[in-house]
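A structural walkthrough
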Amino acid sequence: MITVRKLKTSLLCLCLGSVTFLLAEQKPTPFGIESGTVIYQIRGGTQLTPDTNLNLQGKAILHFKEWGEVKTEELNGIVETSGALPYREVIKRFKKETKDAIITVDYKNEQLLERKKSSVKKDIQRMQTNHLTKKGTEIVAGIICDVWETTGVKKCIYKGVVLKLESHVYDLSYVKEAIKVNFDSNGSEACTLPDYPIHQFGLFRDNIKTKNKLKSEDFCKVINDIVSDPEEHNQSTKVSDFEDPKRKKFIDRISRDIFEKQKVLLPKLLDAMKKMRECLQVVENPFEANRCSESFSSMKSKMGDDEKEYIVLWSEKRKNELLDKIEDEIIDLESRIACVKRSKNIYDLSNCMK
């Protein structure tokens, strides 16, 4: 017979075992807040080469619900270079993350790209502070958050939500700082996606690095990978040390997308200038003259220059002045194209165009 004491002991062990099992099954949530919205301001930049500067600016919005299991991250910004290589690109990105998948918006092709996530549950809150040391607190957007730091990177985190991120790698500065926080919102926007068709891919493996080190990647993705990789922040080089091999490799990586676009567009810009010159030689009124410059203006727009010069008055004198100006620009760019075609990175291309 089972005694009362034995029965109580068995029940106690069963209860303790159940509690232990439940605790073991309990999975950490990304955030310690159920829902909310955070609006960030982004700024940054560096001197890519002695003759070309880089500037970053933009805004990001984070919507989340279900303790961060469902969230969207939206980015709108501008990547701009000045100096020898004037360039301007408008960046627009949108990503949604659920418990099972990551969906990114391909605005260019009007489609949604969905990748399944690994079934292994990660402790996101712990990962946020990997390799970092707690250094006190700071107030960001009216909220007291914990400061975590290591060489070249600083985060201010509130219950798993990064309110401020500062990164400094090889003189590249990147700051993403919350300017407005609302943890009372229900995060309903986190479910909203553009009405595009979905294309599904295989398992999403975000820890696998590209085998092709020179592969052109989206600029924002490169920057995000850099600020998220603690190994990158162990580097420190003075801005004047442009010939440092490690710095050159780093700059080549972050500017690869810009370099490859410029290398393709510059010869096309020359062709557009030549066609415009040929067209302008035979037109007789400002309307036709403006039509001649449409292809050239379109090419400039692709390079980030949206400023258009409309011709209002047209005369033989005005035509000759404009043709002389175009001729000088053609001669100048034509003398650089061979160098442009030989260039292998942003350093080479900047030297070609300085």
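Everything below is about the structure printed above this text.
First, a word on scope: everything that follows refers to the structure included in this document. Fair warning: this is a prediction, and the values are worked out from it, not measured in the lab.

Quick look at the layout of surface pockets
Each pocket or cavity is described by its volume, and for the second largest pocket that value is around 710 Å³. Contributing to the lining of the second largest pocket are 30 residues, with M273, F296, K300, D305 and E329 lying nearest its centre. Only α4 (245-280), α6 (294-302) and α7 (316-342) provide two or more residues apiece to the lining of the second largest pocket. Counting residues per element, the lining of the second largest pocket draws most heavily on α7, at 8 residues.

Observations concerning the pairing of strand β7 (residues 133-140)
Sheet analysis places β7 next to strand β8 (residues 143-150), joined by 6 bridges and oriented antiparallel. By the bridge assignment, I139 is partnered in β8 with I144. From the end of β7 to the start of β8, which pair antiparallel, there are 2 residues, and A141 there has a positive phi angle of about 55°.

So, the packing of α4 against α6
In a pair of packed helices, the angle between the axes and the distance between the axes together describe the arrangement. With their axes 8 Å apart at the nearest point, α4 and α6 run at an angle of 160° to one another. With respect to α6, the axis of α4 lies roughly antiparallel. Of the two elements, α4 crosses α6, and the hand of that crossing is left-handed. Contact with α4, carried on its side by L265, K268, L269, A272, M273 and M276, involves S295, F296, M299, K300 and K302 of α6 and no other residues of that element.

Definitions and limits used
- Residues numbered from 1 in each chain as written.
- Predicted model: local features only at pLDDT ≥ 70, side-chain atom pairs only at ≥ 80, totals over all residues.
- Heavy atoms only, no water.
- 1 Å grid on protein atoms, 1.4 Å probe; cavity = no way out; pocket = protein on both sides within 12 Å on 5 of 7 lines; lining within 4 Å.
- Points joined across faces, edges and corners; volume = space filled by probe spheres on them.
- Helix = DSSP H or I, 4+ residues; strand = E, 2+ residues; numbered from the N terminus.
- Pairing = 2+ DSSP bridges.
- Axes fitted to C-alpha atoms, helices over the stretch in contact; angles between N-to-C directions.
- Parallel < 35°, antiparallel > 145°, perpendicular 65-115°, else oblique.
- Left-handed = near helix turned anticlockwise from the far one by under 90°.
- Contact = heavy atoms within 4.5 Å.

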